[in-house]
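Observations on the model geometry
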Amino acid sequence: MNTQIQNLYNKAQKEQRLIIGLMSGTSMDGLDIALCAVSGSGAETDIKILQFKTGEYTDDFRAKIKAIFSKKQVDLELVCLMNEHIANTHASLINNALKEWGYQNDQVDFIASHGQTIFHAPQSLHKLTDYPNGTLQIGDGDHIAVKTGIITLSDFRQKHLAAGGEGAPLAVYGDYLIFSQKDEDRVMLNIGGIANFTYLPGNLNAAEIFSTDVGPGNTLMDQFMQQHYNQFYDKNGAVAKTGILNKALLNELLKCDFFDVAFPKTTGPELFNLAYLKDAQIRSATENIHLEDVMATLCHFSAQTIAEAIKRCFGNEAKAQVFMSGGGMHNPLLVELLKANLPYSNFFTTDDLKINPDAKEAVLFAVLANETLCGKPIDFGNRQGVPSVCMGKISLPA
C-alpha cells in the first residue's frame, strides 16, 4: 500500500482526530480557521473547537479576489493564477496560525477547505436550459496539502452538484449532526453575505430536514458601504441606524422571482448586487435619496426576506427557536428588525450551543470532512437539493 494511503487510513481510524476547518465567504474579510477535535461520526459526532481565528487578508489580496469574483466575464489567466495564489495564501495563514497556537503541523490530521467561491450558477439563476447547475470554488487542495504537509479535503460542493443538488447550501449536513435536539424544532440561521437557514425538526427525522438560501444577508449592504463609504461593512449598523426606511425602494427590492421559488434554493451576489439595487432605485424613483436611507432600506430588506422565509415554514405567527451565526448577527439593527418581524420567535446564537458563531461555518466543513473519512452518507430521503452523499476531494501532501 502507498505510504500516503496508509497514513490516511491510520489517521481516519484514530479515536479522536484533529481537523482544521476553513471558510472564506463572499465578504472576503479573511480566512476563518477552526482547529477542532472530532470523535465519532454520524449521530455520534462529538466536536470541540480547540482554537479559532480569522486570518486577515491584505487589501491587495482582497482586491485580487474581487477582480475575478461574481463576474460573468473575467480574465481567464487571472482565474488560473488565483487558484494557486489563494491556496498558497491559505496555506501560509494556516501555518502561521498553528505556530501562534503552539502546534506542530504533524499534530494535525486533516484540513477541510471550502475554498473561495468566485461564481455560483444554479439553473434557477443562469436559466440556460442546455447547462446544469454550476458553482466554482478555487484555492487548490493539492497546494494546501503540500505547503502544510497535512492531508487536505477540498472542493466539497462538486459532489453535491453531481448528485443532483445545487452545490449549496451545505450547512444541512453539519447542522443535523451537531445541533439537532429531540423535541425542539430549531432554525439554524446563518447571516453571511447570503442568508441561509437549516430547519431541524424535533422529531429528528432526517427526511424532513432542509437547508436553503433565503436572500441577501450582508452582501448588498457590504457592497454599498464599499462603494460609497470606503468601508468593508457597516460596523454595528452605524450608518443604517441614521437612515430612514424608504418603502417605495423596499417594495421594488422585494420584486424578484427568487423569493417565490420553493425551498430549498440557492443564490448569490451574482443576483443580489449593486446592479440589482440600481434597477430597484430606477423603478422606484429613489436614485437621489440619502445614502444612509439606502442603507437603512437594505437592512430592512435583508430582515424582511429572512423573516418571510421563516414564516413560510412556521406560519405568520412563527414560534421558532432561532440560533444565529455569521457576520449579520453582529449588526444590532438587523437583529432588532428580525425580532420585530418575528415577535413570537426566540433568538439565540450558536454560543448557546457551545459553538462559536463566528467559527460555525468553518466547523461545519470539518464535520463534512470527518463524515467523508469516517462516516457514511446520511439518508435525507429522496428529495431534490439534499443528496445523501459524502463530499470532498482528498489531496495527499506527497
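Remember, predicted model here, so these are calculated numbers, not experimental data. (Residues numbered from 1 in each chain as written. Predicted model: local features only at pLDDT ≥ 70, side-chain atom pairs only at ≥ 80, totals over all residues. Heavy atoms only, no water.)

Helices and strands together make up the secondary structure of the protein chain, namely 14 helices and 12 strands. Its C-alpha atoms give the protein chain a radius of gyration of 21 Å, within 12% of the compact-globule value 21 Å for 398 residues. Looking at the 398 residues of the protein chain, the share that counts as buried comes to 55%. Partitioning the contacts of the protein chain with sequence separation of at least 6, the portion at a separation of at least 24 is 70%. Of the roughly 17,400 Å² of accessible surface on the protein chain, 48% is carried by carbon and sulfur atoms. (Helix = DSSP H or I, 4+ residues; strand = E, 2+ residues; numbered from the N terminus. Rg over C-alpha atoms; globule rule 2.2 N^0.38 Å. Buried < 20%, exposed > 50% of the residue type's maximum accessible area, 1.4 Å probe, protein only. Contact = heavy atoms within 4.5 Å. Areas by Shrake-Rupley, 256 points an atom, 1.4 Å probe, with all protein chains shown as cover.)

Moving on, we come to the side chain of N133. The topology assignment puts N133 in the loop between α4 (123-126) and β5 (134-138). Of note is the side chain of N133, whose polar atom sits 2.7 Å from the backbone nitrogen of Q123. Within the structure, the side chain of N133 is placed 3.3 Å from the backbone oxygen of G165, a separation counted as a polar contact. N133 has contacts with A121, P122, Q123, H126, L161, G165 and E166, leaving out every residue within four places of it along the chain. (Polar contact = N/O pair within 3.5 Å; in protein donor to acceptor, adjacent residues only side chain to side chain.)

Pairing is mixed across the open sheet formed by five strands, whose spatial order is β9-β8-β7-β10-β11. Whereas interior strands pair on both sides, the edge strands pair on one side only; in this sheet they are β9 (210-216) and β11 (346-349). Averaged over all pairs of adjacent strands, the angle between strand axes in this sheet comes to 25°, irrespective of strand direction. Strands in contact with helix α12 (residues 291-314) are β7 (186-191), β8 (194-200), β9 and β10 (321-325); relative to β9, the strand with the most contacts, it is inclined by about 150°. (Pairing = 2+ DSSP bridges. Axes fitted to C-alpha atoms, helices over the stretch in contact; angles between N-to-C directions.)

This part covers the nonpolar core. Membership of the largest hydrophobic core comes to 46 residues, with the highest contact counts inside it found for L189, F197, L298 and I310. Broken down by element, the residue count for this core peaks at 10 residues, all from α12. The next biggest cluster of nonpolar side chains, apart from the first, holds 39 residues, and it includes I47, F156, V363 and V386. (Core = buried A, V, L, I, M, F, W, Y, C linked by side-chain atoms within 4.5 Å.)

Moving on: the packing of aromatic side chains. Under the defined criterion, the tally for this structure stands at 17 aromatic pairs. Relative to F301, the ring of F259 lies with its centre 5.9 Å away and its plane at 90°, an arrangement referred to as edge-to-face. Of this pair, F259 sits in the loop between α10 (247-253) and α11 (274-284) while F301 sits in helix α12, and the two are 42 residues apart along the sequence. On the accessibility criterion, F301 (0% relative accessible area) is buried. Among the aromatic residues, ring-to-ring pairing joins F197, Y199, F210, F263 and F314 into one connected group. Sitting over the ring of F232, R62 keeps its end group 4.1 Å from the ring centre. One Lys or Arg, K265, reaches over the ring of F258 and ends 4.4 Å from the middle of that ring. (Phe/Tyr/Trp six-rings, centres within 6.5 Å; stacked < 30°, edge-to-face > 60°. Lys NZ or Arg CZ within 6 Å of the ring centre and 35° of its normal.)

Of all nine residues that make up strand β1 (residues 16-24), eight are buried, and the element is covered over most of its length. With eight bridges joining them, β1 and strand β2 (residues 30-39) adopt antiparallel strand pairing. If you follow I20 over to β2, its bridge partner there is L35. Across five bridges, the pairing between β1 and strand β4 (residues 110-121) is parallel. Note that in β4 the partner of S24 across the bridge is Q116.

With an omega of -15°, the peptide bond running from A168 to P169 counts as cis. Assignment of secondary structure puts P169 in the loop between α6 (157-162) and α7 (171-179). Between F263 and P264 the backbone carries a cis peptide bond, its omega angle lying at -10°. Relative to the helices and strands, P264 resides in the loop between α10 and α11. Here L204, not a glycine, exhibits a phi torsion of approximately 65°, which is positive. Mapped onto the elements, L204 comes out in the loop between β8 and β9.

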